[in-house]
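Spelled out from the first residue to the last, the chains are:
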Amino acid sequence: MEKKIFVMFAFAALLLSGALSAAIAVGAYTVTPDTLKPGEDGAISFSISNVVPSSASTTTGQLENVQVFFGGTVEGLQFMGVSPFNVGTIDSGSTAQVSVAFRVLPTAKGGVITTPFYISQKDKTDLKTVNAIVHVVNPPVITLSSDHQTVLGTDEVNLTVKNNGGTASRLRLSLADGSNFSFIGTSQVYIGDLSGATTVMVPLDSRNVNEGVSSIPFVLTYQQEGGDETSETKYISVAVKKEKADVIFTQAEKMVTGRDNTLVLTVTNTGRSLANVEFYLEDANIQAKENKQVKLGDMTTGDEKKISMMVFVNAQPGVRSMQVRLKWTEDDVDKEETTYVPVVVNSDADAAIYIDAKPSPIVVGGDHTLSVTVSNVGSYKIQNVEVTLADSPDFEIFNAQRSQYIGGLESDDFSSVQYKVRVKALLPGQYPLTVSVKYKDQSGVWVEKNQTIQIAIRSPSDILPANGNGYAVPLAIGGVAVLAIGYWYFKMRKPKHGISQK
């Protein structure tokens, strides 16, 4: 009997022990949202459970007067409630959800903020602790502006970098890979820590960029608050204007197409002083026979230099834009530009003049028709061809006009005009006759060619046979004709004999 009472007492004690062994458990916390910026609101949530230890009975006592304490002075955070937060009683096997609202202060730095929570219950001295971690991000908000809306081939740009967000540490400025823009003398510009605004000088090289509006891709690399390194690309649109030297080119000697020529140019500097000036001929149709480079040296304002080089011209006649490249140093910066120099290319047009006569040969006192033939022996067409026979003391010209119009002649083409003339009383010999041909070549230049041709004048006796009988042969022929006519007349006049009568 006593043993049974003892067992019952022990079992009751065990039940009482289980009821007194109520255990508090805290689940994993969550922060909503995962990351917050200064000025944003969030909440830290976790669960508190009344669990039964594995060594206890299936029933536990209540968790009474459960409270959550949290720090009200955590740097960078402001809790929306008052500590402690009263959870109340949690029955055996039950769970209570706790959510504590907070706000990230505008002054908070980017990074990790740890805030502790302490959970207590009535008549217990041990506390449960939850160390919640809040991730605060405060990225820099960077803007760029330039004092140059137009940049030259090489230029120094004052770039204002402004940060309206969190601090950007170890800020570096570079250009995106593949960009035709580049820095002069460096690969990046170091700015350092930036929390406000600063202005940096950027030596910009735009010589490989086409003229016109382009965007410069500036890459900003920095560490955010909290230590994470990041990069972002900012674009600034500028108008790229190719740098030009203030020089004037003047063609000093003419050039003819299809031939070797001496290119002679006068170069005058009308702008600022230039150092180490170099000239390069880079035209496909006007090519240097030897070296295409001419070093002009230093040119101060007003200086004049001369360029002379042997070239072969394969360009059509007319005014042509000859491509050249200039290199020089200005303010200790090497610069270059491609430009075009207007030059006049003359045609190789030429007119050959020939004279023929009918009848021929030309004799003293004779009337003749002179045929003047003009042939285009050049490579290009000539236009508005006009022929003029000059006055001569040896010939009398019967044409109403001395000038006659032919028109256009293609290469290797020819045309003729005629003049009625009478040779004056001269001694036989060579006498000059001047023919003038005027035309416009392919380059638009008027050309006048005067050619004096020696005309052979012969004596009328030179047209007789060499036996010196003068007009004997024609007279003999005439005499035979007269005799034949007389004989025919005599026969016709002779009376006919009658027919005999039988």
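### Points about the overall build of the protein
Next, step 1: Helix and strand content of the protein: two helices and 36 strands.
Next, step 2: For the protein, with 502 residues in total, the buried portion stands at 37%.
Next, step 3: When the accessible surface of the protein is split by element, carbon and sulfur atoms take 51% of a total near 28,900 Å².

### Some thoughts on the sheet that holds strand S7 (residues 85-90)
Next, step 1: Strands sit in the order S3-S10-S9-S5-S7 across an open sheet of five strands; the sheet is mixed. On the outer flanks of this sheet lie strand S3 (35-36) and S7, each paired with one strand and no other.
Next, step 2: Across two bridges, the pairing between S3 and strand S10 (residues 128-136) is parallel. Across the sheet, residue Thr 35 finds its bridge partner in S10, namely His 135.

### Some remarks on the sheet that holds strand S26 (residues 304-313)
Next, step 1: Strand order in this open sheet of four strands is S20-S22-S26-S24, and the pairing throughout is antiparallel. Because the sheet does not close on itself, it has two edges, and the strands there are strand S20 (247-251) and strand S24 (286-288). If you compare each strand with its neighbour and ignore which way they point, the axes differ by 45 degrees on average.
Next, step 2: The pairing of S24 with S26 spans three bridges and is antiparallel. Bridging across to S26, Ala 288 finds its partner in Val 311.

### A few points about the pairing of strand S18 (residues 212-223)
Next, step 1: Pairing of strand S14 (residues 168-175) with S18, which is carried by five bridges, proceeds in the antiparallel orientation. Each bridged residue has a counterpart across the sheet, and for Leu 173 the counterpart in S18 is Leu 220.
Next, step 2: Relative to strand S19 (residues 229-240), S18 is paired through twelve bridges, and the arrangement is antiparallel. Among the inter-strand pairings, Ile 216 is bridged to a residue of S19, identified as Ile 236.
Next, step 3: Linking S18 to S19, which pair antiparallel, is a turn of five residues; within it Gly 226 sits at a positive phi near 110 degrees.

### Points about the environment of Glu 243
Next, step 1: Locating Glu 243 in the fold gives a position in the loop between S19 and S20.
Next, step 2: Relative accessible area serves as the criterion here: at 8%, Glu 243 is assigned to the buried category.
Next, step 3: The residues contacting Glu 243, other than those within four sequence positions of it, are Leu 152, Gly 153, Thr 154, Trp 328, Lys 335, Glu 336 and Glu 337.

### Brief notes about the packing of aromatic side chains
Next, step 1: Applying the stated criterion across every chain yields a total of five aromatic pairs.
Next, step 2: Taking the centre distance of 5.0 Å and the plane angle of 45 degrees together, the rings of Phe 70 and Phe 79 count as tilted.
Next, step 3: Note on Phe 70: relative accessible area 7%, which makes it buried.
Next, step 4: On the basis of relative accessible area, Phe 79 is assigned to the buried category, the value being 9%.

### Side note on the nonpolar core
Next, step 1: Formed by 30 residues in total, the largest nonpolar core has its most connected members in Val 374, Val 385, Val 387, Phe 395, Tyr 419, Val 437 and Ile 457.
Next, step 2: Counting only elements with at least two residues in this core, the list comes to strand S29 (351-358), strand S30 (367-376), strand S31 (382-389), strand S32 (395-397), strand S33 (403-409), strand S34 (414-423), strand S35 (429-440) and strand S36 (446-457).
Next, step 3: Ranked by residue count, the leading element in this core is S35, at five residues.
Next, step 4: Ignoring any residue separated from it by four or fewer positions in sequence, one finds Val 387 in contact with Val 372, Val 374, Arg 402, Ser 403, Gln 404, Ile 406, Val 417, Tyr 419, Val 435, Ser 436 and Val 437.

### What to know about a nonpolar patch on the surface
Next, step 1: On the surface, a cluster of nonpolar side chains totalling about 260 Å² of accessible area is made up of Phe 69, Tyr 118 and Leu 127.
Next, step 2: You can see Phe 69 is positioned in strand S5 (residues 63-70).
Next, step 3: For Phe 69, a relative accessible area of 30% puts it in the partly exposed group.

### Here we look at the pattern of salt bridges
Next, step 1: As enumerated under the stated definition, the model contains eleven salt bridges in all.
Next, step 2: Arg 325 is the salt-bridge partner of Glu 336, the closest N and O atoms lying 3.8 Å from each other. One end of the pair, Glu 336, is in strand S28 (residues 333-346); the other, Arg 325, is in strand S27 (residues 318-330), and eleven residues separate them in sequence.
Next, step 3: Among the residues examined, Glu 336 registers a relative accessible area of 35% and is labelled partly exposed.
Next, step 4: When the shortest N-O distance is used, the salt bridge between Asp 391 and Arg 402 registers 1.7 Å. Placement of the pair is Asp 391 in the loop between S31 and S32 and Arg 402 in the loop between S32 and S33, with a sequence separation of eleven residues.
Next, step 5: You can call Asp 391 exposed: its relative accessible area is 61%.
Next, step 6: Residue class for Arg 402 comes out partly exposed when judged on its relative accessible area of 29%.
Next, step 7: Several salt bridges share partner residues, and in doing so they unite Glu 282, Arg 325 and Glu 336 into one network.

### Some thoughts on the environment of Gln 97
Next, step 1: Inspection of the secondary structure puts Gln 97 in strand S8 (residues 95-104).
Next, step 2: Judged by its relative accessible area of 63%, Gln 97 is exposed.
Next, step 3: Ignoring anything within four residues of it in the chain, the contact list for Gln 97 reads Phe 46 and Ser 47.

### Details of the side chain of Thr 115
Next, step 1: The residue Thr 115 is located in strand S9 (residues 111-120) in this model.
Next, step 2: Excluding residues within four positions of it along the chain, Thr 115 makes contact with Ile 44, Val 74, Leu 77, Phe 79, Val 130, Asn 131 and Ala 132.

Quick notes on the rules
Residues numbered from 1 in each chain as written. Predicted model: local features only at pLDDT ≥ 70, side-chain atom pairs only at ≥ 80, totals over all residues. Heavy atoms only, no water. Helix = DSSP H or I, 4+ residues; strand = E, 2+ residues; numbered from the N terminus. Buried < 20%, exposed > 50% of the residue type's maximum accessible area, 1.4 Å probe, protein only. Areas by Shrake-Rupley, 256 points an atom, 1.4 Å probe, with all protein chains shown as cover. Pairing = 2+ DSSP bridges. Axes fitted to C-alpha atoms, helices over the stretch in contact; angles between N-to-C directions. Contact = heavy atoms within 4.5 Å. Phe/Tyr/Trp six-rings, centres within 6.5 Å; stacked < 30°, edge-to-face > 60°. Core = buried A, V, L, I, M, F, W, Y, C linked by side-chain atoms within 4.5 Å. Patch = residues over 30% accessible without salt bridge, like charges linked within 9 Å, V, L, I, M, F, W, Y side chains within 5 Å. Salt bridge = Lys/Arg side-chain N within 4 Å of Asp/Glu carboxyl O.

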